[in-house]
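Now for the letters of each chain:
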Amino acid sequence: MTGIQERGTELLRLHEVPELLQLINVWDAISARVVADLPETRALATASHSIAASLGYDDGENIPLDLMLDMIGRIVATTDLPVSADLEGGYGDAGETIRRAIAVGVVGANLEDRMRPFDEAVGAVRAAVRAAESEGVPFALNARTDVYLRDALPTDEEKAEEAIRRGRAFLDEGATCVFVPGKLDEHTVERLVGGLGERRLSVIAVPGSLTPARLQELGVARVSYGPWTQRVALTALRETALELYAGGELPRGTQTLN
């Protein structure tokens, strides 16, 4: 795959096949190369939190969009695989942000609702889908609802109902799948898949989450790992530094990256 049309078509296909799509999140060119070089990797996803942190910014659209897109473009340039970009809440103009992301080679994106008013959230998804259509690029929009992150509703059943209400509206506007982040138990995943449909739910894995094999059995479309992949790398860096300060050696088996 070299052209954006082929990459976009492939990313959409990966959301439709029975196998769970696992996306290992990356945050710069070298992390993208490491993951892309693995034969198991079918596509890449960026992590906005990780990109912002690597450049000294807090998460939440504090990093300038130009800087975010520059790093995303560098990631895209490392591989022929499809890349889905985390574009946070759309930086105030979801449609224009999607167009700018496509211009650097992106063929999919996360778009957060941040529990904005319902009509506003649905309108942002509509704008994103139409922007991709106007660019003529097959595009996988992973429309995210933050129901389980914002404590906006008191009970799990109310949260599930609202996630499904928003998710169905996002799908009706042309989103590829609905991203519901949070540490979801098996009952919640079953409830969401039942309300949204098979292969329409996207989740994040955190320590203690359901395994990829179980998520696939439950009908989940995709799983990503957000900032946790960077945190794993930084934990290894910290532990290595402590080992070296204590008089130890570099870990045996450390690979050389060309």
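Residues numbered from 1 in each chain as written. Predicted model: local features only at pLDDT ≥ 70, side-chain atom pairs only at ≥ 80, totals over all residues. Heavy atoms only, no water.

## Points about the overall build of the protein
Consideration 1: The helix and strand inventory of the protein stands at 10 helices and nine strands.
Consideration 2: Radius of gyration (C-alpha) of the protein: 18 Å, near the 18 Å computed for a compact globule of 258 residues.
Consideration 3: Across its three principal directions, the C-alpha atoms of the protein cover 60 × 40 × 35 Å.
Consideration 4: Scored against the burial criterion, the 258 residues of the protein give a buried share of 51%.
Consideration 5: Relative to all contacts within the protein whose residues are 6 or more apart in sequence, the contacts with residues 24 or more apart total 68%.
Consideration 6: Distance between charge centres in the protein, computed from 26 positive and 40 negative side chains, equals 1 Å. (Helix = DSSP H or I, 4+ residues; strand = E, 2+ residues; numbered from the N terminus. Rg over C-alpha atoms; globule rule 2.2 N^0.38 Å. Buried < 20%, exposed > 50% of the residue type's maximum accessible area, 1.4 Å probe, protein only. Contact = heavy atoms within 4.5 Å. Lys, Arg positive; Asp, Glu negative; His and termini not counted. Charge placed at Lys NZ, Arg CZ, Asp CG, Glu CD.)

## Comments concerning a nonpolar patch on the surface
Consideration 1: A cluster of nonpolar residues, Ile30, Val34 and Leu257, forms a patch on the protein surface that exposes about 240 Å² of accessible area.
Consideration 2: You can call leucine 257 partly exposed: its relative accessible area is 48%. (Patch = residues over 30% accessible without salt bridge, like charges linked within 9 Å, V, L, I, M, F, W, Y side chains within 5 Å. Areas by Shrake-Rupley, 256 points an atom, 1.4 Å probe, with all protein chains shown as cover. Salt bridge = Lys/Arg side-chain N within 4 Å of Asp/Glu carboxyl O.)

## Here's the deal with the environment of glutamate 243
Consideration 1: Structurally, glutamate 243 is set in helix α10 (residues 228-245).
Consideration 2: If we skip the residues at most four places from it in the chain, glutamate 243 touches Gly248 and Glu249.

## Topic: the sheet that holds strand β3 (residues 44-46)
Strand pairing in a sheet is mediated by backbone hydrogen bonds. Such pairs are either parallel or antiparallel.
Consideration 1: Taken together, nine strands build an open sheet; the order of strands is β1-β9-β8-β7-β6-β5-β4-β3-β2 and the sheet is parallel. The sheet is open, and its two edges are formed by β1 (21-23) and β2 (25-26), each paired on a single side.
Consideration 2: Examined bridge by bridge, strand β8 (residues 201-204) and strand β9 (residues 222-224) share three bridges and lie parallel to one another. From the neighbouring strand, serine 202 faces β9, where its bridge partner is arginine 222. (Pairing = 2+ DSSP bridges.)

## Here's the deal with the pattern of salt bridges
Consideration 1: With the rule as written, the count across this model stands at 19 salt bridges.
Consideration 2: As a salt-bridge pair, aspartate 113 and arginine 166 come within 3.0 Å of each other at their nearest N and O atoms. Separated by 53 residues along the polypeptide, aspartate 113 in the loop between β5 (108-112) and α6 (118-135) and arginine 166 in helix α7 (residues 156-172) bring together distant segments of the chain.
Consideration 3: Relative accessible area serves as the criterion here: at 3%, aspartate 113 is assigned to the buried category.
Consideration 4: Within this structure, Glu61, Glu88, Glu112, Arg114, Arg144, Asp146 and Arg150 form a network of salt bridges that share partners.

## Notes on the packing of helix α4 (residues 65-77) against helix α5 (residues 94-103)
Consideration 1: At a closest axis distance of 9 Å, the pairing of α4 and α5 adopts a crossing angle of 35°. In this structure, α4 crosses over α5, and the sense of that crossing is right-handed. Residues Leu65, Asp66 and Leu69 of α4 pack against Thr97, Arg100 and Ala101 of α5.
Consideration 2: Looking at the contact of α4 with α5, its residues break down into three nonpolar, one polar and two charged. (Axes fitted to C-alpha atoms, helices over the stretch in contact; angles between N-to-C directions. Left-handed = near helix turned anticlockwise from the far one by under 90°. Nonpolar A, V, L, I, M, F, W, Y, C, P; charged D, E, K, R; others polar.)

## With respect to unusual backbone geometry
Consideration 1: Residue glutamate 88 is not a glycine yet carries a positive backbone phi of 50°.
Consideration 2: The class of glutamate 88 is buried, set by a relative accessible area of 1%.
Consideration 3: Phi is positive for arginine 114, which is not a glycine, with a value near 50°.
Consideration 4: With respect to the helices, strands and loops of the structure, arginine 114 is situated in the loop between β5 and α6.

## Observations concerning the packing of aromatic side chains
Consideration 1: Enumeration over the complete set of coordinates arrives at zero aromatic pairs.
Consideration 2: Above the ring of phenylalanine 118, the side-chain terminus of arginine 165 is found at 4.1 Å from the ring centroid.
Consideration 3: Its guanidinium or amino end placed over the ring of tryptophan 228, arginine 231 lies 4.7 Å from that ring's centre, counting from NZ or CZ. (Phe/Tyr/Trp six-rings, centres within 6.5 Å; stacked < 30°, edge-to-face > 60°. Lys NZ or Arg CZ within 6 Å of the ring centre and 35° of its normal.)

## Structural notes on α5
Consideration 1: Those residues of α5 not exposed but buried are Ala94, Gly95, Thr97, Ile98, Ala101 and Ile102. Take α5 and look down its axis: the buried residues cluster within an arc of 165°, on one side only.
Consideration 2: Just downstream of α5 lies glycine 105, where phi reads positive at about 105°. (Arc of directions from axis to C-beta.)

## Quick notes on the nonpolar core
Consideration 1: Ile51, Ile72, Leu87, Ile98, Val125, Phe139 and Leu141 are the most contacted members of the largest nonpolar core, which totals 51 residues.
Consideration 2: When residues in this core are grouped by element, the largest group, eight residues, is from α6.
Consideration 3: In this structure, Val180, Leu184, Leu196 and Leu215 belong to the second largest nonpolar core, which totals 23 residues. (Core = buried A, V, L, I, M, F, W, Y, C linked by side-chain atoms within 4.5 Å.)

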